[in-house]
Amino acid sequence: MFWTVRDALVHDTWRAIPMTLAAVCLTSLFQIVQNTSWGFQPVQDLGSVKAADPFWLALLRTPLSLFVPALDLPVWGALAQILLVFGIAEICLGWWRTLVIGYVATLAGTTYARIGLALGPEHPFGLPVSDRIVNDTGPSAAVVGLAIYLCWRYRAYLTGALVILAMIGEVLVKNNLAGKEHLAAIAVVMAACVVRAQWGPVRSRVPLGQGPPP
């Protein structure tokens, strides 16, 4: 993975990650606009997702929700995540695969929020009623999902295991909606990796030791 990213950046510099740079700019724009007196509500209408919203509305807002920074977190964290993880993924997977995997992971978290609320706070995988109105935006679920997929694609199993352990630790330390959504994103992306390994193209099932697929 390192050499793939290095060669692309040396040869094409920033032209290797146009989608990532566009995502960074869009996230920055949303951050600026939502902190103005006139822009907060329009940004919420375009990209704010809550479990209390109808699912069809959440689906419509999901494409932009990924680029709306969370209100309770510093924006530089979201920008760094996008630049690093999206950038690596765009070089290694291509821009459209990066977006597809990112959106699948984000939708996994959005769907889990509704399932967790239905299970209730007494269930180990349930959520309290108060999470219905939590503003569920930002790239973190997509970033986690992309990290897991990249680790599987490039056989970086130790790194993938560390990412999973870190997300489990996050839930144990701070048992909130975001942490559990990260675990849901990991579960769905791992399931996609298993399906692709078993029934995907032959190049996706290269035996261990023969290097990553192209």
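Each chain has its residues counted from 1, running along the sequence as written. In keeping with the model being predicted, local features are shown solely for residues with a pLDDT of at least 70 and side-chain atom pairs are shown and tallied solely at 80 or more, while totals for entire chains, interfaces and linings include all residues. In computing side-chain properties, one takes all heavy atoms of the structure into account and sets aside hydrogens as well as water.

Participant: Before we move on, could you go through the pattern of salt bridges and cite the residues and values that matter?
Facilitator: The salt bridge criterion pairs a side-chain nitrogen of Lys or Arg with a carboxyl oxygen of Asp or Glu, the two atoms within 4 Å. For the structure shown, the criterion picks out 2 salt bridges. We note a salt bridge from Arg-6 to Asp-7, for which the minimum N-O separation is 3.3 Å.

Participant: I'd love a proper account of helix H7 (residues 140-153), names of residues and values included.
Facilitator: Where helices and strands are cited, they refer to DSSP runs of H or I of at least four residues and of E of at least two residues respectively, numbered from the N terminus. Expected span of a helix: the number of residues minus one, times 1.5 Å. End to end, H7 covers 20 Å across 14 residues, agreeing with the expected 20 Å (1.5 Å per residue, within 8%). Working definition: with a 1.4 Å probe on protein chains only, accessible area under 20% of the residue-type maximum means buried, over 50% means exposed, and in between means partly exposed. Within H7, 13 of the 14 residues are buried, leaving the element largely enclosed by the surrounding structure. Positioned one or two residues after H7, Arg-155 has a phi angle of 60°, which is positive.

Participant: Go over helix H4 (residues 55-65) with me, naming the residues and quoting the values.
Facilitator: Considered for burial, the residues of H4 that qualify are Leu-57, Ala-58, Arg-61, Thr-62 and Ser-65. The arc that holds every buried residue of H4, seen down its axis, measures 145°, which confines them to one face. Away from its buried face, by an angle of more than 90 degrees, H4 presents the exposed residues Trp-56 and Leu-60. When checking whether two residues touch, look at their non-hydrogen atoms; a contact exists if any pair is within 4.5 Å. Lining the buried residues of H4 we find helix H3 (40-47) and helix H6 (95-119). An arc is given here, and it is the one of the directions from the helix axis to the C-beta atoms.

Participant: Explain the nonpolar core residue by residue, including any values.
Facilitator: Take the buried residues of types Ala, Val, Leu, Ile, Met, Phe, Trp, Tyr and Cys, join any two whose side-chain atoms come within 4.5 Å, and each joined set is a nonpolar core. Counting 38 residues, the largest nonpolar core has Phe-86, Ile-91, Cys-92, Leu-93, Leu-146, Tyr-149 and Val-189 as its most contacted members. Only helix H1 (2-12), helix H2 (18-34), helix H5 (75-93), H6, H7, helix H8 (157-173) and helix H9 (177-199) provide two or more residues apiece to this core. With 9 residues, H7 is the single largest residue contributor to this core.

Participant: I'd like a rundown of a nonpolar patch on the surface, residues and numbers included.
Facilitator: The residues that make up patches have over 30% relative accessible area and no salt bridge, and they are joined within 9 Å when like-charged or within 5 Å when they are Val, Leu, Ile, Met, Phe, Trp or Tyr. Under the convention used here, a 1.4 Å probe and the Shrake-Rupley method define accessible areas, while residue burial counts only the protein chains that appear. Among the surface-exposed residues, Leu-158, Leu-162, Leu-165, Ile-168, Leu-172 and Val-173 lie close enough to one another that they form a single nonpolar patch of about 680 Å² accessible area. Note that Ile-168 resides in helix H8.

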